[in-house]
Amino acid sequence: MKFDIVVVGGGLIGSAAGKYLSQQSKSVAIVGNAEPADWQSHAENFGSYYDQGRITRGLDASPLWSELAVASLEAYAEIEHQSGIRFYHNAGAVQVGPSPRKTDDYIAKTAAAGFANLVDFQNYTSEQFQTICPQLKFPADYAVLHESIQGGYLNPRELVEAQLKIAKDQGATIIREQVNHVETRTDDVKLVTGQGTEIVANQVLVCAGAWSDYLLDANLGLEVRPRTILLARLNAAEANRLKDIPSVVFYAGVSHPDLTGIYMLPPIRYPDGNIYLKIGGKVVDQYFPESADDLNAWFKTDGSKVETEALKHEIYQVVPGLQAEELIVRPCAVSYTPDGNPLWQEIEQGRLYVCAGGCGAAAKSSNEIGRRAAQMVLG
Ligand SMILES: Cc1cc2nc3c(=O)[nH]c(=O)nc-3n(C[C@H](O)[C@H](O)[C@H](O)COP(=O)(O)OP(=O)(O)OC[C@H]3O[C@@H](n4cnc5c(N)ncnc54)[C@H](O)[C@@H]3O)c2cc1C
């Protein structure tokens, strides 16, 4: 098989990049693993988007991340319209942290980036916010930045499906295979998949998420961090009590010593028919996988016990009186770059490129990150 451009990895960034590339070239393929039906028997790479909710917000302490998020938020309506797939829910989102009067400048930086990027948000103390949302509780005299209009969450599976549908409608070929070998040659790049398929392309863009460095072996400096999330199953009454809470990002000043921050999504219905409240965080204790096999093995575990216990503690602090029928643990993984920004890099001049390093925050911004990756490839 021969294509003008191949995108390796059809997750959140790869599907967006493939969409933009297929607007410019009639010979584009997106080659990547599909979501496994059964995690335990899955013998290939996983992905970081197998879920029903990812927080979306324009506010971020980093001006670049805020800019990428705002540009992506502005594109959601068009993606939904073009694909016919709804993935965005503007449930509102809050950023919570110690008041800038008291301690570090996390909240001040976040607000400054918000002003610079024209994000619509309101600034409350935790006490004021409790009168707006009595179901949630944050420490006294903290600051709460509330994006009530554009913030909320998106369904990452449906966003991927929407981007791939648009790419396909524009003529792209979707190949559900894993690439195991990448070879740059004088005039092209040869890829070999796990099924032995040989694919040749003039240009290749690798968007294999946390697996990118393992595939390219190019010392990209990506730090892969396994993560554990907790899903609280809610009965109908509890789901109804909590139905109006916003997405929460609480990245400074949480109470548990093993966590540097947490995030939480409002109640969302999952494919098993149940409604879950999801909480995840940044844990201090870390295990770093050294290979794709190590990372894939992590997805077959029950996650980190330390992280699970810390999240169990924190969920009841933020949602006092939470009535959970059951707490379910799921493993996942994110990858960080040395500078904390997404990585757009040319590996072999004019031939091989990579875009990865979502830093645990790229779902909401994946459209703009993928658009810029496509621009890099097209020069
Ligand atoms: C638990 C959790 C919660 C998160 N919460 C948020 C949030 O609230 N808001 C937010 O904005 N972001 C969030 N993120 C981050 C976001 O999901 C990631 O930044 C995003 O998925 C990165 O996109 P990606 O395309 O780089 O990787 P992925 O979405 O993982 O896509 C990579 C794709 O490449 C495939 N692949 C891997 N290896 C190969 C190969 N060799 N050949 C072909 N294909 C391959 C994978 O199977 C996958 O399909 C969260 C992440 C996790 C894990």
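This one's a predicted model, so the numbers in the text were calculated from it and none came from an experiment.

Strands sit in the order 6-7-5-14-15-16-13-17 across an open sheet of eight strands; the sheet is mixed. With one partner strand each, in any of the chains shown, strand 6 (122-125) and strand 17 (326-336) form the two edges of the open sheet. Averaged over all neighbouring strand pairs, the angle between strand axes comes to 20°, with direction disregarded. Taken together, the four bridges between strand 5 (residues 93-98) and strand 14 (residues 247-250) define a ladder with parallel strand orientation. Residue pairing across strands places Gln95 opposite Val249, the latter belonging to strand 14. Across the sheet, helix 3 (residues 106-116) lies against strand 5, strand 6 and strand 7 (142-147), angled at about 25° from strand 7, the strand it touches most. Along the sheet face, helix 9 (residues 305-318) touches strand 13 (223-234), strand 14, strand 15 (259-269), strand 16 (275-283) and strand 17 and points at about 120° away from the line of strand 16.

It is worth spelling out the site of the ligand at this point. The ligand sits among 40 residues. The nearest are Gly9, Gly11, Gly47, Gly209 and Gly358. At the level of elements, helix 1 (12-24), strand 3 (54-56), strand 13 and strand 17 are the ones that each hand at least two residues to the shell around the ligand. For the shell around the ligand, the class distribution of residues is 22 nonpolar, 15 polar and three charged. Mapped onto the domain boundaries, the shell around the ligand takes at least three residues apiece from domain 1 (2-51 + 156-221 + 339-378) and domain 2 (90-153 + 224-336).

Here the focus is the domain arrangement of the protein. Once the domains are mapped, the protein shows domain 1 (2-51 + 156-221 + 339-378) and domain 2 (90-153 + 224-336). The straight-line distance from the C-alpha centre of domain 1 to that of domain 2 is 28 Å. Each partner contributes to the interface: domain 1 provides 15 residues, whereas domain 2 provides 12 residues. Broken down by class, the residue content of the side of domain 1 that touches domain 2 amounts to seven nonpolar, eight polar and no charged.

Let's shift gears to the packing of helix 2 (residues 63-83) against helix 10 (residues 366-378). When two helices pack together, their arrangement is given by the angle between their axes and by how far apart the axes lie. Close contact between helix 2 and helix 10 brings their axes to 7 Å; oriented N to C, the two are set at 100°. The angle between helix 2 and helix 10 falls in the class roughly perpendicular. Between helix 2 and helix 10, the residues in contact are Leu68, Ala71, Ser72, Ala75 and Ile79 and Ser366, Asn367, Glu368 and Ile369, respectively. Classifying every residue of the contact of helix 2 with helix 10 by side-chain character gives five nonpolar, three polar and one charged.

What counts as what
- Residues numbered from 1 in each chain as written.
- Predicted model: local features only at pLDDT ≥ 70, side-chain atom pairs only at ≥ 80, totals over all residues.
- Pairing = 2+ DSSP bridges.
- Helix = DSSP H or I, 4+ residues; strand = E, 2+ residues; numbered from the N terminus.
- Axes fitted to C-alpha atoms, helices over the stretch in contact; angles between N-to-C directions.
- Contact = placed C-beta atoms within 7 Å.
- Near = placed C-beta within 6 Å.
- Nonpolar A, V, L, I, M, F, W, Y, C, P; charged D, E, K, R; others polar.
- Domains from an automatic or database assignment.
- Parallel < 35°, antiparallel > 145°, perpendicular 65-115°, else oblique.

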